[in-house]
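Below are the chains, spelled out letter by letter.
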Amino acid sequence: MKIGVLAVQGNFREHAAMLRRLGADPVEVRKPEQLQGLDGLVIPGGESTTFMRLMRLYGLEEAVRRFERPILGTCAGLIVLDREHLGLLDVDVERNAYGRQVASFEADLDLVGEDEPLRGVFIRAPRVERVGGDVEVLAELDGEPVLLRQGRFLVATFHPELTDDTRVHELFLDSVREASLVGTQ
Ligand code: GLN
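Right, let's walk through the structure included here. (Residues numbered from 1 in each chain as written. Predicted model: local features only at pLDDT ≥ 70, side-chain atom pairs only at ≥ 80, totals over all residues. Heavy atoms only, no water.)

Considering the pairing of strand β1 (residues 2-6)
Stated precisely, the cut-off is as follows: Three labels apply to residues, based on accessible area from a 1.4 Å probe with only protein chains included: buried if under 20% of the type maximum, exposed if over 50%, partly exposed otherwise in between. What counts as a helix is a DSSP run of H or I of at least four residues, what counts as a strand is a run of E of at least two, and both are numbered from the N terminus. Note on pairing: DSSP must find at least two bridges between two strands before they are called paired. The definition of a right-handed crossover adopted here requires that, viewed with the strands pointing away, the path from the first strand over the helix to the second runs clockwise.
Counting buried positions over the five residues of β1 gives four, a clear majority of the element. Bridge analysis of β1 against strand β2 (residues 25-29) gives five bridges, and the strand direction is parallel. Each residue of the ladder has a partner; that of Ile3, found in β2, is Pro26. Crossover handedness for the path β1 to helix α1 (residues 12-21) to β2: right-handed.

As structure tokens, this is what we get:
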């Protein structure tokens, strides 16, 4: 499976390492034409304002909007996909929503269908304030969604690439595999 990792800024190396560990073939994406032939795409954490600026500069904004395969977005990657930015995801998000004192923290999360909690690393994380009807919540923190799925989009407000737990990436690769079987190119 060839999985693109948007590499204009942020934690793309950590995502690539995790994908490689799971047997996928990560490809760093900096140009629109590099999206061709990919089975899926990861938009990592970083700084969403920088992401948007660089994506526009490289012509990636339109290209990502047109990309039809599964996408994993983490932290800033989620923000990039939301209604206010690329408009691919029916969620409203507040950026840097946890205040100064607790800007970064870790928490155990209940993951749907799993007994073992998932360790969430939150770094100046966004808060999901509203989700559309098609959005499925896979994990919550204090009653608020932190891992969500809407069709081919899997998004997290935390950083699954910064722990040893590979389950979020496995979920994503499962959806990539399913999409390839259905052949929805
Ligand atoms: N605070 C960042 C933003 O608003 C997101 C933080 C992150 O990706 N770790 O884009």
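Here we look at the packing of aromatic side chains
To keep it simple, the criterion reads: Aromatic contacts are taken between Phe, Tyr and Trp rings whose centres are within 6.5 Å, Trp giving its six-membered ring; a plane angle under 30 degrees counts as stacked, one over 60 as edge-to-face, and the others as tilted.
As enumerated under the stated definition, the model contains four aromatic pairs in all. Ring geometry for Phe122 versus Phe158: centroids 5.6 Å apart, planes at 50°, classification tilted. Placement of the pair is Phe122 in strand β7 (residues 118-123) and Phe158 in the loop between β11 (153-156) and α5 (167-182), with a sequence separation of 36 residues. With respect to class, Phe122 is no different from Phe158; both count as buried.

As for the environment of Gly151
When you line up the elements, Gly151 lands in the loop between β10 (144-150) and β11. Residue class for Gly151 comes out exposed when judged on its relative accessible area of 61%. Gly151 sits 15 residues away from Glu136 along the chain, and the two C-alpha atoms are 8.7 Å apart.

Some points on the pattern of salt bridges
What counts is decided by this rule: Each reported salt bridge corresponds to a side-chain nitrogen of Lys or Arg within 4 Å of a carboxyl oxygen of Asp or Glu.
Applying the stated criterion to the full structure yields 18 salt bridges. Ionic pairing is found between Arg21 and Asp164, a salt bridge with its closest N-O pair at 3.7 Å. One end of the pair, Arg21, is in helix α1; the other, Asp164, is in the loop between β11 and α5, with 143 residues separating them in the sequence. Three or more residues are tied together by salt bridges with common partners; here these are Arg56, Glu61, Glu62, Arg65 and Arg66.

Points about the site of the ligand
What counts, and what does not: We define proximity as follows: a residue is near a molecule or strand when any one of its heavy atoms falls within 4 Å of that partner. Contacts described as polar in this section are N or O atom pairs within 3.5 Å, which, within protein, must combine one atom able to donate a hydrogen with one able to accept it, while residues neighboring in sequence count only if both atoms come from side chains. Here the open area of atoms and residues is found with the Shrake-Rupley method and a 1.4 Å probe, where only the protein chains shown may cover a residue. Just so you know the grouping, Ala, Val, Leu, Ile, Met, Phe, Trp, Tyr, Cys and Pro go in nonpolar, Asp, Glu, Lys and Arg go in charged, and all remaining residues, Gly too, go in polar.
Neighbouring the ligand are Gly45, Gly46, Glu47, Ser48, Cys75, Ala76, Ile79, Arg95, Asn96, Ile123, Arg124 and His159. The backbone of Ala76 places a nitrogen or oxygen atom 3.0 Å from an oxygen atom of the ligand. Interatomic distance of 3.0 Å between a backbone N/O atom of Arg124 and a nitrogen atom of the ligand. About the coverage of the ligand: the protein hides 98% of its 300 Å² of free accessible area. Here the residues of the shell around the ligand sort into four nonpolar, five polar and three charged.

Details of the nonpolar core
Put simply, the test is: In this text, buried Ala, Val, Leu, Ile, Met, Phe, Trp, Tyr and Cys residues form a nonpolar core when linked through side-chain atoms within 4.5 Å. Contact definition: two residues touch when any of their heavy atoms are within 4.5 Å.
Ranked by size, the top nonpolar core spans 31 residues in total, and within it Leu35, Leu41, Ile43, Val64, Ile71, Leu81 and Leu86 carry the most contacts. Of all elements in the fold, only β3 (40-43), α2 (48-57), α3 (60-66), α4 (76-81), β5 (91-94) and β11 reach the threshold of two or more residues within this core. Among the elements that make up this core, the one with the highest residue count is α4 (five residues). Residues contacting Leu86, with those up to four places away along its chain left out, are Met52, Met55, Glu61, Val64, Arg65, Val80 and Leu81. Counting residues in each nonpolar core, the second largest holds 27 residues, with Ala7, Ala24, Leu109 and Leu147 among its members.

Some points on the environment of Val5
The topology assignment puts Val5 in strand β1. C-alpha separation for the pair Val5 and Gly40, spaced 35 residues apart in sequence, amounts to 8.7 Å.

Concerning the side chain of His15
Within the fold, His15 resides in helix α1. A relative accessible area of 0% places His15 in the buried class. Among the polar contacts listed, one links the side chain of His15 to the side chain of Glu161, at a separation of 3.4 Å. Residue contacts for His15: discarding those within four places in its chain leaves Val5, Val42, Pro44, Leu72, Thr74, Glu161 and His169.

Things to note about α2
The complete set of buried residues in α2 reads Ser48, Thr50, Phe51, Met52, Leu54 and Met55. Those residues of α2 that are buried are in contact with β1, α3 and α4. At the C-terminal side of α2, Gly59 shows a positive phi close to 75°.

By themselves, these observations are geometric and do not establish any function.
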